[in-house]
Amino acid sequence: MTSRDQILAKVKQNQPNSVHLPDLSILGKESFDPITKFAETAVAIGAEVIEIQDFSEIQKYINSKYSGKTVRSTLADFNSENWLALSPKELDGTDFLLVEAQFGVAENGSIWISDKDLGQRIAPFITEYLGVILDKSKIINTMHQAYQIIGDEDYGFGLFLAGPSKTADIEQSLVLGAHGARGLVIFLK
Amino acid sequence: MTTHSKSAEIFNRDFERTTWHDETLYFVRQKRDKAAFQIDDWELLRETASQIKFNVLSNLSEYLIQFEENALKNGIKVHWAADAREHNEIVFNIVSEYFEGNIPHDTFKGIVKSKSMLTEECHMNEYLISKGIEVVDTDLGERIVQLAGERPSHIVLPCIHWKKEEIGELFHKHLGTEKGNKDPKYLTEAARQHLRDKFLNRKVALTGVNFAVAVTGEFVVCTNEGNADMGTHLSDLHIASMGMEKIIPQRQHLSVFLRLLARSATGQPITTYSSHFRKPRDGQQMHVVIVDNGRSTQLGREDFRNSLKCIRCGACFNTCPVYRRSGGHSYHTAIAGPIGSILSPNLDMKANADLPFASTLCGSCSNVCPVKIDIHQQLYKWRQVLVKEGHTSATKTLMMKGMSKVLASPAVFKFSGKVGRMLMDKMPFMVNNSLNLWYKQREMPEPPKESFREWYKKNRK
Amino acid sequence: MKVALFIPCYIDQFYPKVGIATLELLEKLGCEVVFPENQTCCGQPMANSGYEHETEGCTSNFQNNFDEYEYIVAPSGSCTLHIKEHIPIKGKIYELTEFITDILKIETLEGSFPHKVGLHQSCHGLRGLFTAQMSELNAPQFSKPEQLLKNFKGIELIKLSRKDECCGFGGTFCVTEEAVSVRMGQDRVADHLKNGTEILTGGDTSCLMHLEGIIRREKHDIKVMHIAEILNQAIS
């Protein structure tokens, strides 16, 4: 008998009688203004939130902060080179990456992005700074609504991203930019 | 003295440091409270999570098969390890096969690893290193203890027992940082640069698994630093080690656990990265190793099976007044703290017989547990099992038997009370000849002239 | 109302004044109090040490003494919890403050106690018997002992930095883990000192004995009284 079969046989033998799953529909009924809550929470976890009317404001932001730097984006409006063909490690040295989120979650200030938004999986991590465009109408209250939207999306990789990379491993002092992006700016449109 | 109490006594010799350790961790507990109390439905969430996990335990074999089937469809290779040894061999074989049996000790062929308590439990690092494979821990805290030749003292905050001055010194020695620089920002930046190089040059990444979803065959890894993702997305080979209890039925159940996990662990509303791995990247290999290592045995212990609900948030560590004042290493196991004390005896009763006694049974652990494990009640029950299995000292047993006899007999009790009122060692909580241990730092109660029952006879009869 | 009094073994031997205060208090509140004379110990210290199987003698002795009573009251949350969970009896056992609030239905007590009082919530009373809301839970606040104390003239209830952390007594833990036990106790005492406690009280004599042992050794200016003593003194 293989380990697999032995393990499964023992688990089967030792597991208690089956009990039902609880009802999740009673959860996630919190009521608050999702946009305000999202912005507050995102800022609290170290992100910057900028409300914009159109993409020109993002372009201005990039021009002012990253002129002459390596800026990459998955959005056609901002893309300067075809970086999708580069190897993942060649993306080291990206100064600013701009992507668009599918939706945001107000209760924890996170945004959901998956393979189709990322260009490359490593991109939002390896970049020094990250920008995310989020449509205000796509902010939902809690994680329960989040998974309703995700449903059975056929991604290979998906990610809730909440604020910049951080650590508090040294005496509980919060430091931004542990391994991933040092900063996150969310453009609310 | 037991192993734990000896180490704890040594830990407590440094009064100021014990204060610091206690206060640092209590601060994390307070952050947890603040985050939890912002959710009106917090207690309902805990109850729901607990029920989901019970459903998981009661259907575990079916869910495991379902997960395997779906992971395979996604292009993930699935392995099964009965114990720690088999887990380590599987990991070695995957790596070895990838490099076609040729494991030269060069930097390209090491492994970058993100936090996985399971690999600690399996002593995997030591094993792989003995086989010539370099393993680099990439979580900052884990890297610190690794450079120091230690093990994590906390499952979420691995180097919570280290002071920044000491980390500055360690980094000066190993990473060449400025001598005397203890600024957390500076030290974190140094680790970022040091590990960025490792991430870019390693082809193999190892991660743990926080949750694995049966119906989709995907798994979720949560970090704040982004080290799991830096490792995996740059690697050509991703191996994820997973305790088999990490299964949950459906994607929607992640909502409950992701709401609870970080709030319980650090007081954050969610970890910075909650990464859902469902299919390997083009050209990448992805493997999941499902590990039993005693879990199926624990599943069969009715009194203790709920311990398998644990999602490794560490909240019970932070609230535990004993953990905060004895340090993680005094638990001498990969998983310390209250949860470790109910998991470890399952793995080795003899070696870990002291741990269920390293508690006052105050119950705070059970109250903060996001999946409502009855931790303190299991500590009590483990004590009964360990005594019955003969894992306590003979003198203690003799004394307890004697005490029980005295206390079961009113006549003997009244008599020994008269004789023994001057001697507090006749009280039941005084383990044989331990009076000196009470008296070492505490006064004894002043013996009254008469007992309550003597007073009662005179005044109310 | 007829009440059988359970006086835990160490109270009988070392703190008879706690037993006396409990008895007098219950009488003042209109109860007929009896003390079954052949009672000894509930067996908790042995059970918590892993020797539950050695406590049959204690269990049957307890049953012999108390089975005829509907209401049993003890000035100890810890012993009460053990009896509730491990000794089958015909009646029901209550910790003193919960008996007063829940069974005697006394909302508040009138009296005078012009002191700064710091309450030590014993873990077994708190988390085992729910005599107050636990700091870990997101649930409505209440406290049975505070409810009884708060209306006394002149009393000031001290707010602690950690309102319900364990004192470290823990039964045999107090000697098997002496270093941690003492440290936990020292930290509780320090919290009371810092916040101005003059009289430290609680519902469990075992916790109080441990804390008092530390207070006396370190010569702090804090007096220790069981809550029964305060209530009995204040309403007289």
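Computed from a predicted structure; not experimentally measured.

What counts and what doesn't
Residues numbered from 1 in each chain as written. Chains lettered and ligands numbered in written order. Predicted model: local features only at pLDDT ≥ 70, side-chain atom pairs only at ≥ 80, totals over all residues. Heavy atoms only, no water. Contact = heavy atoms within 4.5 Å. Buried area = accessible area lost by both parts, 1.4 Å probe. Salt bridge = Lys/Arg side-chain N within 4 Å of Asp/Glu carboxyl O. Polar contact = N/O pair within 3.5 Å; in protein donor to acceptor, adjacent residues only side chain to side chain. Helix = DSSP H or I, 4+ residues; strand = E, 2+ residues; numbered from the N terminus. Nonpolar A, V, L, I, M, F, W, Y, C, P; charged D, E, K, R; others polar. Pairing = 2+ DSSP bridges. Axes fitted to C-alpha atoms, helices over the stretch in contact; angles between N-to-C directions. Core = buried A, V, L, I, M, F, W, Y, C linked by side-chain atoms within 4.5 Å. Buried < 20%, exposed > 50% of the residue type's maximum accessible area, 1.4 Å probe, protein only. Domains from an automatic or database assignment.

1. Things to note about the interface of chain B and chain C
Then, number 1: Across the contact, 88 residues belong to chain B and 73 residues belong to chain C.
Then, number 2: A buried area of about 7,200 Å², summed over both sides, lies between chain B and chain C, and 58% of it is on carbon and sulfur atoms.
Then, number 3: Our enumeration of links across chain B and chain C arrives at 11 salt bridges.
Then, number 4: We note a salt bridge from Arg324(B) to Glu165(C), for which the minimum N-O separation is 2.8 Å.
Then, number 5: Counting across the interface, chain B meets chain C through 41 residue pairs in polar contact (both at pLDDT 80 or more).
Then, number 6: Considering each element in turn, the side of chain B that touches chain C owes the most residues, 11 residues, to helix H2 (residues 15-37) of chain B.
Then, number 7: Looking at the side of chain B that touches chain C, its residues break down into 38 nonpolar, 23 polar and 27 charged.

2. So, the environment of Trp42(B)
Then, number 1: The topology assignment puts Trp42(B) in helix H3 (residues 42-58).
Then, number 2: Distance in space between the C-alpha atoms of Trp42(B) and Arg259(B) is 9.3 Å, their sequence separation being 217 residues.
Then, number 3: Filtering out sequence-adjacent residues up to four positions away, Trp42(B) remains in contact with Arg32(B), Ala36(B), Arg259(B), Leu260(B), Arg263(B), Ser264(B) and Asn138(C).

3. Looking at the interface of chain A and chain B
Then, number 1: Taken together, the contact pairs 69 residues of chain A with 98 residues of chain B.
Then, number 2: Ranking the residues of chain A by area buried against chain B places Asp169(A), Ile170(A) and His179(A) at the top, with a combined share of 12%.
Then, number 3: The tally of links between chain A and chain B comes to 10 salt bridges.
Then, number 4: With a shortest N-O distance of 2.9 Å, Glu107(A) and Arg259(B) are connected by a salt bridge.
Then, number 5: Where chain A packs against chain B, one counts 51 residue pairs in polar contact (both at pLDDT 80 or more).

4. Some words on the sheet that holds strand E9 (residues 273-277) of chain B
Then, number 1: Spatial strand order, E7(A)-E4(A)-E5(A)-E8(A)-E9(B)-E6(B)-E5(B)-E8(B): eight strands in an open sheet with mixed pairing. The sheet terminates laterally at strand E7 (139-140) of chain A together with strand E8 (247-248) of chain B, the two strands that pair on one side only.
Then, number 2: Sheet strands in contact with helix H6 (residues 143-150) of chain A are strand E4 (103-105), strand E5 (110-114), E7 and strand E8 (157-161) of chain A together with E9 of chain B, and its direction is about 155 degrees off that of E4(A).

5. Re the environment of Ala162(A)
Then, number 1: Locating Ala162(A) in the fold gives a position in the loop between E8 and strand E9 (166-167).
Then, number 2: With 52 residues separating them in the primary sequence, Ala162(A) and Ser110(A) have C-alpha atoms 4.1 Å apart.
Then, number 3: Contact partners of Ala162(A), with chain neighbours within four places excluded, come to Ile45(A), Asn108(A), Gly109(A), Ser110(A), Ile270(B), Thr271(B) and Thr272(B).

6. What to know about the sheet that holds strand E1 (residues 77-81) of chain B
All names here are of chain B.
Then, number 1: Spatially, six strands are ordered E1-E10-E7-E4-E2-E3 in an open sheet, and the strand pairing comes out parallel. A single partner strand is all that each edge strand has here, and the edge strands are E1 and strand E3 (135-137). Pairwise comparison of adjacent strand axes, ignoring direction, gives a mean angle of 20 degrees for this sheet.
Then, number 2: Across the sheet, helix H5 (residues 84-98) touches E1, strand E2 (111-113), strand E4 (204-207), strand E7 (237-243) and strand E10 (285-291), and the angle it forms with E7 is around 170 degrees.
Then, number 3: Here helix H11 (residues 227-234) sits on the sheet in contact with E2, E4 and E7, set at roughly 145 degrees to E4.

7. So, the nonpolar core
Most often, soluble globular proteins have nonpolar side chains that are buried together.
Then, number 1: Ranked by internal contacts, the top residues of the largest apolar core, which has 226 residues, are Phe160(A), Phe219(B) and Ile247(B).
Then, number 2: Top contributing element to this core by residue count: helix H12 (residues 253-265) of chain B, with seven residues.
Then, number 3: Counting 21 residues, the second-largest nonpolar core is a separate cluster that includes Phe99(B), Cys122(B), Val289(B) and Val291(B).

8. Comments concerning the domain arrangement of chain C
Often, the extent of an interface is quoted as the loss of accessible area on bringing the components together.
Residue and element names in this part refer to chain C.
Then, number 1: Examined at the domain level, chain C breaks down into domain 1 (2-103) and domain 2 (116-234).
Then, number 2: A separation of 21 Å is found between the C-alpha centroids of domain 1 and domain 2.
Then, number 3: At the interface, 28 residues of domain 1 touch 22 residues of domain 2.
Then, number 4: Of the roughly 2,100 Å² buried between domain 1 and domain 2 on both sides combined, carbon and sulfur atoms contribute 63%.
Then, number 5: For the pair domain 1 and domain 2, the interface holds one salt bridge.
Then, number 6: Close ionic contact of Lys144 with Asp102 constitutes a salt bridge, the shortest N to O distance being 2.7 Å.
Then, number 7: The interface formed by domain 1 and domain 2 holds 13 residue pairs in polar contact (both at pLDDT 80 or more) in total.

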